[in-house]
Amino acid sequence: MLSVAVCLAFAPSPSSSMLMGSFALLLASLLSALTLFAREPQVVHALDDGVAKLPVLGYNTWNAYHCDINETVVLQAAKLLVSLGLADVGYTHVNIDDCYAEKNRSASGDIVADHIRFASGMNNLTDQIHDMGLKAGIYSDSGWFTCQLYPGSYQNEERDAKLFQDWGFDYLKFDNCAVPYDDIIREGIVGKYKRMADAIANLAKTSGKPPLIFSLCEWGEEQPWLWARRYGQSWRTTGDISPDWGSIASIINQNSFIAWASDSYGHNDMDILEVGNGDLTFDETKTHFTAWALMKSPLLIGTDLSTISDENLAILKNGEILAISQDPVVGTSVTPFRWGINPDWVSNSTHPAQYWSGESQNGTVFMLINTLDEPADMFFNLTESPWIRAGRQYAVRDLWTHTDNGTAVRNFTAHAVPAHGVVALLLKDAGDEPPNAGPPCARPEWCISQNGTLAPGA
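Residues numbered from 1 in each chain as written. Predicted model: local features only at pLDDT ≥ 70, side-chain atom pairs only at ≥ 80, totals over all residues. Heavy atoms only, no water.

Summed over all chains, the structure comprises 3 disulfides. Across the disulfide, Cys147 is cross-linked to Cys177 (sulfur-sulfur distance 2.0 Å). In this structure, the disulfide formed by Cys147 and Cys177 twists by about 85° around the S-S bond and is classed as right-handed. Of this pair, Cys147 sits in the loop between β3 (135-141) and α5 (157-167) while Cys177 sits in the loop between β4 (171-175) and α6 (182-185), placing them 30 residues apart in sequence. A relative accessible area of 17% means that Cys177 is categorised as buried. Cys217 forms no disulfide, and the closest cysteine sulfur to it belongs to Cys147, at a distance of 7.0 Å. (Disulfide = S-S within 2.5 Å. Helix = DSSP H or I, 4+ residues; strand = E, 2+ residues; numbered from the N terminus. Buried < 20%, exposed > 50% of the residue type's maximum accessible area, 1.4 Å probe, protein only.)

Within helix α4 (residues 122-131), burial applies to Met122, Leu125, Thr126 and Ile129. Angular distribution of buried residues about the axis of α4 spans 90°; they occupy a single face of the element. Two residues or fewer after α4 comes Gly133, characterised by a positive phi angle close to 85°. (Arc of directions from axis to C-beta.)

The strand order across the open sheet built from 8 strands is β7-β6-β5-β4-β3-β2-β1-β8, with neighbouring strands paired in parallel fashion. Of all strands in the sheet, those bounded by a partner on one side alone are β7 (267-269) and β8 (299-301). Across the sheet, the axes of successive neighbouring strands diverge by a mean angle of 25°, strand direction being ignored. Pairing between strand β1 (residues 57-60) and strand β2 (residues 93-95): 3 bridges, direction parallel. Bridging from a neighbouring strand, Gly58 pairs with His93 of β2. (Pairing = 2+ DSSP bridges. Axes fitted to C-alpha atoms, helices over the stretch in contact; angles between N-to-C directions.)

All chains considered together, the criterion is met by 15 aromatic pairs. Between Phe164 and Trp167, the aromatic rings sit 6.2 Å apart at their centres with planes inclined by 45°, giving tilted as the arrangement. Taken together, the residues span about one helical turn, with Phe164 and Trp167 both in helix α5 at a distance of 3 residues. With a relative accessible area of 10%, Trp167 lands in the buried category. (Phe/Tyr/Trp six-rings, centres within 6.5 Å; stacked < 30°, edge-to-face > 60°.)

Turning next to the sheet that holds strand β11 (residues 363-369). If you trace the 6 strands from one edge of the open sheet to the other, you get β9-β10-β11-β16-β13-β14, paired in antiparallel fashion. Every interior strand has two partners, whereas the edge strands, β9 (335-338) and β14 (403-409), have only one. Geometrically, the sheet is characterised by an average inter-axis angle of 35° between neighbouring strands, direction not taken into account. Two elements, strand β13 (residues 392-398) and β14, share 5 bridges in a ladder whose sense is antiparallel.

Our next topic: the pattern of salt bridges. Applying the stated criterion across every chain yields a total of 16 salt bridges. Between Lys162 and Asp166 there is a salt bridge whose closest N-O contact spans 2.7 Å. Pair noted here: Lys162 and Asp166 are both in helix α5, with a separation of 4 residues, about one helical turn. In this structure, Asp432 and Arg392 form a salt bridge, with 2.5 Å as the shortest nitrogen-oxygen distance. One end of the pair, Asp432, is in strand β16 (residues 422-432); the other, Arg392, is in strand β13, and 40 residues separate them in sequence. When its relative accessible area of 19% is taken as the criterion, Arg392 is described as buried. A single salt-bridge network, built from bridges that share partners, covers Arg389, Arg392, Asp429 and Asp432. (Salt bridge = Lys/Arg side-chain N within 4 Å of Asp/Glu carboxyl O.)

The next subject is helix α3 (residues 71-83). Here α3 contains 13 residues, and its C-alpha end-to-end distance of 18 Å stays within 8% of the 18 Å for a straight helix at 1.5 Å per residue. Listed as buried for α3 are Glu71, Val73, Val74, Leu75, Ala77, Ala78, Leu80 and Leu81. Where α3 is buried, its residues touch β1, α2 (62-65), β2, α4 and β8. (Expected span 1.5 Å × (residues − 1). Contact = heavy atoms within 4.5 Å.)

Below, the structure written as structure tokens:
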């Protein structure tokens, strides 16, 4: 509700009748304005249909296998999620990407699973996945075809949504290839994705079953962080990832400017994980995983789990990092409070923002990324983060070493952070800072005593 304060200034010595007339006119105008402002503005809410409040954790076939998939590959991935303990820490989705279908629809108009690679049928596959305590995901496209030219779902949205549900799938990744001509579609990307979102919502109403989790994969076109939360639970923010530091750094950079968009029921999707792929170093892999998790992206493993190293498996199973990703109370992402090498709010695909913080139910989360090609010390003042209280000290928990590292007062320095490496911290309030901890104000701007004297440095 908007409060209106009115300051009346009268000219000297007006006539009584003129004054009363002016006051009546002013009063009528004021009452009209208050009536207008009393109407609450319409609020556009994020989609809240009871599914995927937290970022989805699981597996996707694309990065490891591309089109070389079959039911054996998918079931092996599901079994390994369980046997390697990944399901126990939350990786419960097994998602099939492109290339599972025949090239043509059936005579009745349905998508048909490849009769060789998925010979046992999709229902048999999803039944086995569900029997392991996991969920199953499928893929389609908002255009005429998928990106590999299998049947897309344009003009078949309701048919395909029902088919995917009948097959037993819980999740749909929806791509952005093979766009119909403008004189056919007469829609932008927003309208193209609304078609399937409406089909999913209608199906949930008529079937009485939970709606498919809807993952919009339109590569950050037309700023989905502004509108996609109306339709689904996650939206891709960039082009495809690749297993190298340049790609990881670029995606972090692009997402640093829109990290505010992730919240409960709506998540920026930074693409499938490359943990275990390519030539990423151990520290680069840790940075990749930490950034994706603390920025509340879906975490979909994309490597051959039958050959994953113990080192990479330990990264994926870091319970303290996953606890931030899956925080049931605070759904927001970490965001930059200082870019570091670059001036704040400057885009640099090779040197993205370095200093990040965010809220969690258990304290303030900090993420420090060394974007240099050599080790570096990284220093920050605690109150640079908006989530830190002035005049307090904080217990420091390292989320990678799993150690309690004393108490931070006013500032913190991480020493010798490896090249392209990361530090992830959880700071918990530990009471008032000790006497004489430093200048009167940690942030000196306009720091002033009760008698009006500016503090040193103010």
